[in-house]
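# Secondary and tertiary structure notes
Single-letter residue listing:
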Amino acid sequence: MNENAELTKEYFEKRKRSTKTSTFIKKLLGNKNPGDFIFERLTLLFAVLVFLLVLFMAWEMYSHSILSIKKFGFHFLVTSVWDPFNEVFGALPIIYGTIVSSVLGLLIAVPLGIGVAVFLSEIAPGWLEKPLSFLTELLAGVPSVIYGLWGIFVLVPWVRDSVEPFLQNSFPNSPFFQGAAYGFGMLAAAIILSIMVLPIISSISRDILKSVPNTQREAAYALGATKWEVTKIVIGNAKSGLLGAIMLGLGRAIGETMAVTMVIGNRPQISASLFDPSYTMASVLANEFTEATSDLYLNALIELALVLFIITILINILARLLVWSTERKWKSNPA
Amino acid sequence: MEIKSSLNKISLYRRKITNVIMLSLSFLSALLALVPLIFVFYYTISKGIAHLDLNFFTKLPTPIGEPGGGMVNAIVGTLILVGIGGAIGIPVGILSGTYLSEFGHNKFGSLVRFLTDVLSGVPSIVVGVVAYTLVVLPMKHFSAFAGGVALAILMIPTITRTTEEMIKLVPQSYREAGLALGIPKWKTTVLIILKTAWKGIATGILLGLSRAAGETAPLLFTALGNRFWSTNVFQPMASLTVYIYEYSTAPFKDWNDQAWTAALVLILLISVLSLIFRIITRSKYKV
């Protein structure tokens, strides 16, 4: 009897313990199959990895440019002497070259890109739209270095022999078209950038114009509007999205490396003339990174990469928010 | 009354004229956009084909001044670099894309989705700098592995987002059918959902790989380049794109000529990849 009671007690205690552990596992799994538990955590791990990658990149560049950040501080961004030999690094002419070449490129690419987008989404019949979209996207798939190769041997001679003399003769007093026509310089870089960002602007703008519901067009037609007036209404409805597309193009232009490096002439200077050579942040990295002999030089270059990273991230965040807001506007509230 | 109607006529006339002008401008810009495409392809093909021969695919580069030679090391190098990038980037992309579509309907999911889009806008040269500080500095020398890491980071956004979009196309009834049979969710996802969406995911992978094959900037100070035959991933490695850059900026005529041939071979390599991409996408919606 006694023995029996002990056995029963033992049995119940064992059972208690095992239910305890099993409730612990149950709590952990939340009533899930263990495979599901592992699978969800595994995919989550990789999603976290992608998330951390962006932060990690910023940290990695910050920690490797600390020498230059400490030595030059804010002066890095606002002084204009870039002299690796004496280890003085002021990135202003480089930042200037980056921004001016990108903005000039956009000045050419934006009207064209929006024009292409309007043609593809509003005018072109279906059989023409598909091959044309494919061709413009093909333009986006050509590697940057091939644009650069073409730039050196075709675009630059053309700019030197035709475009620059023409501009100089047409506007002899303009400060923008002064000096010797080398071909290599700001103008060639702007042209090649405009070719490279055109497909991005046109394909995203096309998607955005297409996301405007047809009821908007039909309402305008019903009031007797011409096709162009209808298009104006569609563009007005998609304004913020189109701005986002332009910003995405700007982000791409600012970070574009190879083609620009090969045609811009690579000289850190601030000059009003578009004929003069210039330099961009990405080209400095491409040209000088392997030649950086001292730690400070390398740190200054990595700081330049960090500045480029921050600028493009900010532009991209703004652009994506704009594009998303337009596309969501019609999804949540189909007019 | 008469004056008013004639005014209306004038304004209608003007509106119609504006309409025609603006629409033709839009058409012209579409034509103009194609001009650079034609030019780039025309020059690459016509100049590249002149030196395209069997030697290009079988021989190593010759020293300066010595004509002939090929770029077999760069062709193999590009394939190896893209292979390393894919080996790292494809699993990360597929798994994080699976998370986003199957479990990511929360704030963290949208944050990752957003950051992936932002990551795709980071300049490739910046990714190269990160790969340099991450791999080259600790290892103390340039290596193909470092180049592969850079290419992987560049591929991840493309593959993640395509995987997510393609998995979303799989009808909900497939998931329900799997679960109704008592199959655990992870098995349903791997064996049914991923398998159904596989063709679409493969197109994303091919797109990522073909873009990586055309990258130059992130390789300049990671894989560096190599004039000799090398398949050691922990040593510097040649690639077609870096050769195009070096040979086109050098002051030697025969190098410049070979740069065009290398460009043609690179475009052929990428077109073969995108051709496969197109063929697969065509049957994507037959889910």
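## Quick notes on the overall build of chain A
Counting its secondary structure elements, chain A contains 14 helices and two strands. At 29 Å, chain A has a C-alpha radius of gyration far larger than the 20 Å of a compact globule built from 335 residues. Taken along the three principal axes of its C-alpha coordinates, chain A extends 120 × 70 × 30 Å. Of the contacts formed within chain A by residues at least 6 apart in sequence, a portion of 77% connects residues at least 24 apart.

## Some remarks on the overall build of chain B
Along its length, chain B carries eleven helices and zero strands. Secondary structure elements of chain B occur, N-terminal to C-terminal, as α-α-α-α-α-α-α-α-α-α-α. On C-alpha atoms alone, chain B measures out to a radius of gyration of 25 Å, which is more than a quarter above the 19 Å that the 2.2 N^0.38 rule sets for 287 residues. Along the first, second and third principal axes, the C-alpha atoms of chain B reach 85 × 65 × 35 Å.

## Considering the domain arrangement of chain B
Domain boundaries in chain B define domain 1 (2-38) and domain 2 (57-282). Between domain 1 of chain B and domain 2 of chain B, the C-alpha centre-to-centre distance is 45 Å.

## Some thoughts on the interface of chain A and chain B
Listed per partner, the contact involves 68 residues of chain A and 71 residues of chain B. Sort the elements by how many residues they give to the side of chain A that touches chain B and helix α2 (residues 34-63) of chain A lands first, with 17 residues. Here the residues of the side of chain A that touches chain B are counted per class, giving 46 nonpolar, 17 polar and five charged.

## Quick look at unusual backbone geometry
Only a minority of non-glycine residues have a phi that is not negative, and only a minority of peptide bonds are not trans. Not every positive phi belongs to a glycine, and Asn266(A) is a case in point at roughly 55 degrees. Relative to the helices and strands, Asn266(A) is located in the loop between α12 (258-263) and α13 (281-288).

## Remarks on the packing of helix α6 (residues 144-169) of chain B against helix α9 (residues 198-213) of chain B
All names here are of chain B. One way to put it is that α6 packs onto α9 with a least axis distance of 8 Å and a crossing angle of 160 degrees. What the angle tells us is that α6 and α9 run roughly antiparallel. Handedness of the α6/α9 crossing: right-handed. Here Leu 151, Leu 154, Met 155, Thr 158, Ile 159, Thr 162, Thr 163, Met 166 and Leu 169 of α6 lie close against α9, whose contacting residues are Gly 200, Ile 201, Thr 203, Gly 204, Ile 205, Leu 207, Gly 208, Arg 211 and Ala 212. Here the residues of the contact of α6 with α9 sort into ten nonpolar, seven polar and one charged.

## A few points about the domain arrangement of chain A
Residue and element names in this part refer to chain A. Along its sequence, chain A is organised into domain 1 (2-67) and domain 2 (76-332). Between domain 1 and domain 2, the C-alpha centre-to-centre distance is 48 Å. Between domain 1 and domain 2, the contact holds eight residues from the first and eight residues from the second. Those elements giving two or more residues to the side of domain 1 that touches domain 2 turn out to be α2 and α3 (66-72). When residues in the side of domain 1 that touches domain 2 are grouped by element, the largest group, four residues, is from α2. In the side of domain 1 that touches domain 2, the residues fall into six nonpolar, two polar and no charged.

## Topic: α13(A)
In an α-helix there are 3.6 residues to a turn, and that puts residues three or four apart on one side. Among the eight residues of α13(A), six are classified as buried, and the element is accordingly described as predominantly covered. For α13(A), the full list of buried residues reads Met281(A), Ala282(A), Ser283(A), Val284(A), Leu285(A) and Ala286(A).

## Concerning the environment of Pro111(A)
Looking at the secondary structure, you find Pro111(A) in helix α5 (residues 92-123). With 56 residues separating them along the chain, Pro111(A) and Leu55(A) place their C-alpha atoms 35 Å apart.

## Some words on the environment of Pro213(A)
Residue and element names in this part refer to chain A. In this fold, Pro 213 is placed in the loop between α8 (186-210) and α9 (214-222). Look at Pro 213 and you get partly exposed, because 15 C-beta atoms sit within 10 Å. As a C-alpha pair, Pro 213 and Val 234 span 21 residues in sequence and 8.9 Å in three-dimensional space.

## Some details on the confidence of the model for chain B
Interpretation of this model should avoid reading the predicted coordinates in detail wherever pLDDT is low. Looking at chain B as a whole, the pLDDT averages 88, with 94% of positions reaching at least 70. Note on the complex model: pTM 0.88, ipTM 0.89.

## Considerations on the packing of helix α5 (residues 124-139) of chain B against α6(B)
In helix packing, the relevant descriptors are the interaxial angle and the interaxial distance, both defined with respect to the helix axes. Residue and element names in this part refer to chain B. Between α5 and α6, the least distance of the axes is 9 Å, while the angle of their chain directions is 135 degrees. One element, α5, and the other, α6, form an angle in the oblique class. Between α5 and α6 the crossing geometry is right-handed. Listed contacts from α6 to Ser 124, Val 127, Gly 128, Ala 131, Tyr 132, Leu 134, Val 135 and Val 136 of α5 are Phe 145, Ala 146, Val 149, Ala 150, Ile 153 and Leu 154. Among the residues forming the contact of α5 with α6, the class breakdown is twelve nonpolar, two polar and no charged.

## Description of the environment of Pro251(B)
Residue and element names in this part refer to chain B. Note on placement: Pro 251 falls in the loop between α10 (240-249) and α11 (253-282). Classification of Pro 251 as exposed rests on a count of 6 C-beta atoms within 10 Å. The sequence separation of Pro 251 and Leu 28 amounts to 223 residues, and the corresponding C-alpha distance is 38 Å.

## Points about the confidence of the model for chain A
Looking at chain A, the pLDDT average stands at 88 and 92% of residues meet or exceed 70. Here helix α1 (residues 2-29) of chain A is the element of chain A with the lowest mean pLDDT, 69, and α12(A) is the one with the highest, 95.

## Regarding the nonpolar core
Membership of the largest hydrophobic core comes to 172 residues, with the highest contact counts inside it found for Ile146(A), Ile192(A), Val263(A), Leu285(A), Ala305(A), Ile244(B) and Ala262(B). For this core, the element with the most residues is α8(A), which contributes 17 residues.

## Observations regarding α10(B)
Taking burial as the measure, the ten residues of α10(B) include eight buried ones, the bulk of the element. By the burial criterion, the buried members of α10(B) are Leu240(B), Thr241(B), Val242(B), Tyr243(B), Ile244(B), Tyr245(B), Tyr247(B) and Ser248(B).

What counts and how
Going along each chain's sequence as written, the residues are numbered from 1 onward. Labels are handed out in written order, letters beginning with A for the chains and numbers beginning with 1 for the ligands. In keeping with the model being predicted, local features are shown solely for residues with a pLDDT of at least 70 and side-chain atom pairs are shown and tallied solely at 80 or more, while totals for entire chains, interfaces and linings include all residues. Helix numbers and strand numbers start at the N terminus; a helix is a DSSP run of H or I with at least 4 residues, a strand a run of E with at least 2. Each radius of gyration reported is based on C-alpha atoms, and the globular scaling rule is 2.2 Å times the count of residues to the power 0.38. Residues are scored as being in contact if the C-beta atoms we place from backbone atoms lie within 7 Å. Delimitation of the domains relies on an automatic or database domain assignment. Amino acid classes used here: Ala, Val, Leu, Ile, Met, Phe, Trp, Tyr, Cys and Pro are nonpolar; Asp, Glu, Lys and Arg are charged; the rest, including Gly, are polar. Angular values range over 0 to 180 degrees, each being the angle between N-to-C directions of two axes fitted as lines to C-alpha atoms, with helices fitted over their stretch in contact. Angles are sorted into four bins: roughly parallel if under 35 degrees, roughly antiparallel if over 145, roughly perpendicular if 65 to 115, and oblique for all others. For a crossing to be left-handed, the near helix must be turned anticlockwise from the far one by less than a right angle; the clockwise case is right-handed. Around each residue's C-beta, the other C-beta atoms within 10 Å are counted; 20 or more make the residue buried, 12 or fewer make it exposed, and counts in between make it partly exposed. All C-beta atoms are placed from the backbone. The predictor rates its confidence in each residue with pLDDT, a number between 0 and 100. Buried Ala, Val, Leu, Ile, Met, Phe, Trp, Tyr and Cys residues form a nonpolar core when they are connected through C-beta atoms within 7 Å.

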